[in-house]
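Spelled out, the chains give:
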Amino acid sequence: ASVITLVRYGDVRMLLMGDAERPEEDWLLAHEASELHADILKVGHHGSKTSSSDTFLAAVRPRLALVSVGAGNKYGLPTPEIMDRLAAGGAQVLRTDRLGTIVARTDGHRVFVEAGGDQWELRPR
């Protein structure tokens, strides 16, 4: 089990999946599927193949996917399969093992991202 949080500020939605895996995703799909869409997804379980199913990602449809993972971790995370799945869904994918700290800010309408020494506005849907 994991803490899962949906944050809504103005028109912007962020879904923070913590260490959630497929059983938690399946529960959300069964009980809250219409509420899962989010501009920003903090990818569950560090990008492990045990989370981020095709069905779940289709319901969330993130513009930005954040993967919190340590560089050179012994688990080989995130998995290439999940990175491909996120990119195929149209999300911009950012990883802490490559960029360090990632900050996303919003005014409730637009999203601004800071990572790897760069700043930009997230492209609209």
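Above this text is the structure in question.
Residues numbered from 1 in each chain as written. Predicted model: local features only at pLDDT ≥ 70, side-chain atom pairs only at ≥ 80, totals over all residues. Heavy atoms only, no water.

### Some details on the overall build of the protein chain
And then number 1: A count of helices and strands for the protein chain gives four helices and eight strands.
And then number 2: Each helix (α) and strand (β) of the protein chain, taken in turn from the N terminus, gives the series β-β-α-β-α-β-α-β-α-β-β-β.
And then number 3: Here the protein chain has a C-alpha radius of gyration of 14 Å; the compact-globule value for 125 residues is 14 Å, and the two agree.
And then number 4: The C-alpha extent of the protein chain, read off along each of the three principal axes, is 35 × 35 × 25 Å.
And then number 5: When each of the 125 residues of the protein chain is scored for burial, the buried share is 40%. (Helix = DSSP H or I, 4+ residues; strand = E, 2+ residues; numbered from the N terminus. Rg over C-alpha atoms; globule rule 2.2 N^0.38 Å. Buried < 20%, exposed > 50% of the residue type's maximum accessible area, 1.4 Å probe, protein only.)

### Focus: the pairing of strand β5 (residues 92-95)
The side chains of a regular strand alternate, residue by residue, between the two faces of the sheet.
And then number 1: Here strand β4 (residues 64-67) pairs with β5 via four bridges, running parallel. Bridge pairing in β5 links alanine 65 to valine 93.
And then number 2: For the crossover from β4 across helix α3 (residues 80-88) to β5, the handedness is right-handed. (Pairing = 2+ DSSP bridges. Right-handed = clockwise from strand over helix to strand, strands pointing away.)

That's the geometry; what it means functionally is another story.
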